[in-house]
Amino acid sequence: MTHLDTEMSQGSDFIRTIIKDDILSDKHKGKVATRFPPEPNGYLHIGHAKSICLNFGIAEEFNGATCNLRFDDTNPEKEEVEYIEAIKDDVTWLGFHWHGDIHYASDYFEDLYAYAVQLIKAGKAYVCSLSADEIREYRGTLTEPGKDSPYRNRSVEENLDLFERMRKGEFDEGSHILRAKIDMASPNINLRDPAIYRIRKAEHHRTGDAWCIYPMYDYTHCISDAMEGITHSLCTLEFEDHRPLYNWVLETLKTPCHPQQIEFSRLNLSYTLMSKRKLLQLVSEGHATGWDDPRMPTISGLRRRGYTPRSIRKFCERIGISKKESRIDVGVLEACLRDDLNENAPRVMGVLEPLKVVIENYPENQVEEMDMMNHPQKPEMGTRKLPFSKVIYIERSDFMEDPPKKFFRLGPGREVRLRSAYYITCTQVVKDPATGDILELICTYDPESRGGATPDNRKVKGTIHWVSALHAIPAEIRLYDRLFMEDNPEKGGADFRASLNPDSLTLIPKAMIEHTLAQAGPGYIVQFERQGYFCVDARDSKPDHLVFNRTVTLKDTWAKINQ
RNA sequence: UGGGGCGUCGUCAAGCGGUAAGACACAGGAUUUUGAUUCCUGCAUUCGGAGGUUCGAAUCCUCCCGCCCCAGCCA
C-alpha cells in the first residue's frame, strides 16, 4: 500500500449516489452499464480522462458493472482511423478495459435507418427540403417560436420514398434532410424539429461509400446507448438541453431499454486549453510540435512528459464530479504526480548547468566508488556505485560568489557536502580575465568526510549534487513549463495565442548525468536529485543521444523565499 | 428579455433539518546527507444576498443577485 492508495476511497459523487439508489430500487434489474463514447476526431485530453475515469471507474467499482468503448463516428468528414488507434492506446494506457468488443455508432447505421423508417411511418419524422439557411430562419430565436416547415405535412408515403432515395444517393448534399417532427414552438430549441439525417457524400473511415446519409448525434447517441443496454449515459453539461430529445427518441421508438442520461461538468485546467479544436490549432500552427508534445494536456502529451496513469487517475479522483463549472489549479495535477513519483522514481544525479570543480588535495588519478541510495526512504530499492574523482561538475546555481546569509550552498571559503561523497570547501574562484565569468572552482576536500559525515560530527548545512567529470555522460534535457501565461488563456474571449508562454520549453543541449543512465530506455522516469522528475523522451532519445523531459520540478521553498 | 443549469475557504469538494469532512494552495514549527520527502500546527461562527418556516437551516419556502449553456444539415 502506498500513500496514494491509502489516501481515500472512491469518492461518492452525485452520479454514484444515483447509481447506488438505482441498484437499491432495482431500476435496471441490478445492472450497471456505462460507456465512454469519444468521437474519433482528435486526440484525447485530460478532460476525457475525467470522463474515462468516471465511466470505467464505475464499472470497476460496482459488482458486475461494465463499460463499453464506443466510437461516435457519425461525421465522416472529421473522423480518422489514426484517432481511433490513439484513443484505444490512451484508454489502455490509463489501465482500463472495455467490455467486450469495441463498438462503433457506424455499426448501427442499418438499425438507425430502420428506426428512422419507423419514425416516418409513425408520422414522427419527415423529409424537409428547405435549405440550411431557410431552416435557420424557420427555427425562430431564443425568445421567439419557430414556424412549421412547408414540408412538415408530407405524407408518410412521400417521406418514405424521399428518404429511401436520399439513401440511394439521388439527391445533392443539402437538398433534403430528415427531421423529427416534434414542436416548432418549443422553448427548447433542440425540440424544434431537429435534423436526424443529413446527406453527406463522404467516404466513411469504416463503412466506406456504403452510405451517403449519416445520422446526427442526438438521434444516434440515445439509440446506440439503448442498443448496448447502457443504464447510465454520462455526458457533460452542454448536453443537458438535449436530454428531452434523447428521451423523446427512445420513448417514441419504444426501444426495449431506456438509459438515463446524467450530466456533469467538464474539466478545465488552469494555464492550458481543453478543446480538441483549439488543441488541433496549437498543433497545426506550430505552437506545439504535435498532439503528443509534452506541453500538451493530451493524454499522449502527458504520457510523453512522464505523467503516470496512476497520477492521472488519482487526479480524477481528487477533483471529484459535480455540476459546477470549475477550473482546477494545475498544481493539483502536479501534486498527484509528485505523490506518485516521490514514491516510485529512483533517485539519480545529473548536473544541468555544469560548473567544473577541481579538488586540489585529491590524488591525481584516484577514482573511488561511492555508495548511493536509489531511494533514501526505501532501502529495498537498493544502492548503486558512483565514481568520484579529482574533477567533478556541480550545478552552477549551487555556487555564489557573494552569497546571502541564508544561502547554504557553496561560496568562497564555505564548506558543503557532496551528496554521499565528501565535504568540500571552496578555496579559489577561477575567472575568465576578459569577461569575469566563473570558469571553475578550486576546492579542498576532507578525507575524513567520506560518505557524507565526519568523526567530529560537524554540521554542514548544504548538500549538493555532483557528477565525476571523467565518468559522467552528456544528455539533452528539455525543461518544460506551462504552455500559457494566463490562468485562463481565453479569459474574456481573448485569443489564446496572445498568452502563449515563450519560455514553455528551455533546451539544455548538454547536461552531464551519471553514467548509470546510459542504458535508460524510452519512458524511464527518475528523480534528478534536488531538481525534479525527468523521463527519457520516447520519441527522440537514442542510446547515443539521450533526451530527458522534465516531468515536474521538485517543490522548491528556497526559490519561493527568493522571490 | 424564451428554455436549461450552477452558486459551500484562494482553487476543487463533502454535506441531503441537528449545529461546516477532505484535498490542493497558503502560513508557522520539527526532523532531514535532496532547501525534497515525512511529521505536527493554523487556515469558512459560516455556506451568493435578503426575508420566512422551525426548538434548530448550507440543507425547506419566497424573492433577488451573479455566472454558464442552447438558435450546426458538429459532437
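Remember, it's a predicted structure, so these values are computed and weren't measured experimentally.

## Some points on the overall build of chain A
Thinking step 1. What chain A contains, in helices and strands, is 14 helices and 25 strands.
Thinking step 2. The dimensions of chain A, computed from C-alpha atoms along their principal axes, are 100 × 55 × 40 Å.
Thinking step 3. Restricting to contacts in chain A with at least 6 residues of sequence separation, those with at least 24 account for 71%.
Thinking step 4. Entry remark: accessible area of chain A is about 25600 Å², with carbon and sulfur atoms responsible for 49%.
Thinking step 5. When the 74 basic and 87 acidic side-chain charges of chain A are each reduced to a single mean position, those positions are 3 Å apart.

## Thoughts on the nonpolar core
Thinking step 1. By size, the foremost hydrophobic cluster in this structure holds 40 residues, and its most contacted members are Ile46, Ile52, Val91, Leu269, Ile312 and Phe315.
Thinking step 2. No other element matches helix α3 (residues 46–61), which puts six residues into this core.
Thinking step 3. Taken together, domain 1 (3–264) and domain 2 (269–346 + 475–561) each give at least three residues to this core, which thus spans both.
Thinking step 4. Apart from the residues lying within four places of it in its own chain, the contact partners of isoleucine 52 are Phe36, Leu44, Gly57, Val91, Leu94 and Phe96.
Thinking step 5. Tyr115, Tyr214, Ile223 and Tyr246 belong to the second-largest nonpolar core, a separate cluster that totals 34 residues.

## Thoughts on the packing of α3 against helix α12 (residues 309–319)
Thinking step 1. Following both chains from N to C, one finds α3 and α12 inclined at 85 degrees, their axes separated by 9 Å at the closest point. Our classification of the angle between α3 and α12 gives roughly perpendicular. Contacts from Ile46, Ala49, Lys50, Cys53 and Glu60 of α3 reach α12 at Ile312, Arg313, Phe315, Cys316 and Ile319.
Thinking step 2. For the contact of α3 with α12, the per-class residue count stands at seven nonpolar, no polar and three charged.

## Considering the sheet that holds strand β16 (residues 415–418)
Thinking step 1. Taken together, the seven strands give an open sheet; going across it, the order is β19-β16-β17-β18-β12-β15-β20, and neighbouring strands pair in mixed fashion. Every interior strand has two partners, whereas the edge strands, β19 (463–464) and β20 (466–468), have only one.
Thinking step 2. Bridging between strand β15 (residues 391–395) and β20 involves three bridges; their strand directions are antiparallel. Counterpart to tyrosine 393 in the pairing with β20 is valine 467.

## Points about empty space enclosed by the protein
Thinking step 1. One pass over the structure, following the stated rule, counts two cavities of 30 Å³ or more.
Thinking step 2. Size it by volume and the largest cavity reaches roughly 50 Å³.
Thinking step 3. Taken together, the elements giving at least two residues each to the lining of the largest cavity come down to β14 (383–388) and β20.
Thinking step 4. In terms of residue count, the dominant contributor to the lining of the largest cavity is β20 (three residues).
Thinking step 5. When its residues are assigned to classes, the lining of the largest cavity shows five nonpolar, three polar and one charged.

## Topic: the protein's contact with RNA strand B
Thinking step 1. Surveying the vicinity of RNA strand B reveals 66 residues, the closest of which are Glu325, Phe408, Arg409, Arg419 and Gly451.
Thinking step 2. The contact atoms of RNA strand B, taken as those within 4 Å of the protein, divide so that sugar and phosphate hold 65%.
Thinking step 3. One nitrogen or oxygen atom from the main chain of tryptophan 558 is found 3.4 Å from a sugar or linking oxygen belonging to RNA strand B.
Thinking step 4. Broken down by secondary-structure element, the contributors of at least two residues to the surface near RNA strand B are α6 (132–138), β6 (195–199), α12, α13 (330–344) and α14 (557–562).

## So, the packing of aromatic side chains
Thinking step 1. What the rule picks out here adds up to 22 aromatic pairs.
Thinking step 2. One aromatic cluster in this structure is built from Phe109, Tyr113, Phe163, Tyr197, Trp211, Tyr214 and Tyr219.

## Some remarks on the sheet that holds strand β1 (residues 33–36)
Thinking step 1. Read across the open sheet, the three strands follow the order β1-β2-β3; overall the sheet is parallel. A single partner strand is all that each edge strand has here, and the edge strands are β1 and β3 (103–104).
Thinking step 2. Relative to β3, strand β2 (residues 66–71) is paired through two bridges, and the arrangement is parallel. Paired with arginine 70 across the strands is histidine 103, a residue of β3.
Thinking step 3. On top of the sheet, α3 reaches β1 and β2; it is set at about 155 degrees to β1, its chief contact.

Here is what the cut-offs are and how they apply
- Residues numbered from 1 in each chain as written.
- Chains lettered and ligands numbered in written order.
- Predicted model: local features only at pLDDT ≥ 70, side-chain atom pairs only at ≥ 80, totals over all residues.
- Heavy atoms only, no water.
- Helix = DSSP H or I, 4+ residues; strand = E, 2+ residues; numbered from the N terminus.
- Contact = heavy atoms within 4.5 Å.
- Areas by Shrake-Rupley, 256 points an atom, 1.4 Å probe, with all protein chains shown as cover.
- Lys, Arg positive; Asp, Glu negative; His and termini not counted.
- Charge placed at Lys NZ, Arg CZ, Asp CG, Glu CD.
- Core = buried A, V, L, I, M, F, W, Y, C linked by side-chain atoms within 4.5 Å.
- Buried < 20%, exposed > 50% of the residue type's maximum accessible area, 1.4 Å probe, protein only.
- Domains from an automatic or database assignment.
- Axes fitted to C-alpha atoms, helices over the stretch in contact; angles between N-to-C directions.
- Parallel < 35°, antiparallel > 145°, perpendicular 65-115°, else oblique.
- Nonpolar A, V, L, I, M, F, W, Y, C, P; charged D, E, K, R; others polar.
- Pairing = 2+ DSSP bridges.
- 1 Å grid on protein atoms, 1.4 Å probe; cavity = no way out; pocket = protein on both sides within 12 Å on 5 of 7 lines; lining within 4 Å.
- Points joined across faces, edges and corners; volume = space filled by probe spheres on them.
- Near = heavy atom within 4 Å.
- Polar contact = N/O pair within 3.5 Å; in protein donor to acceptor, adjacent residues only side chain to side chain.
- Phe/Tyr/Trp six-rings, centres within 6.5 Å; stacked < 30°, edge-to-face > 60°.

Take it as geometry only, folks, not as evidence of what the structure does.
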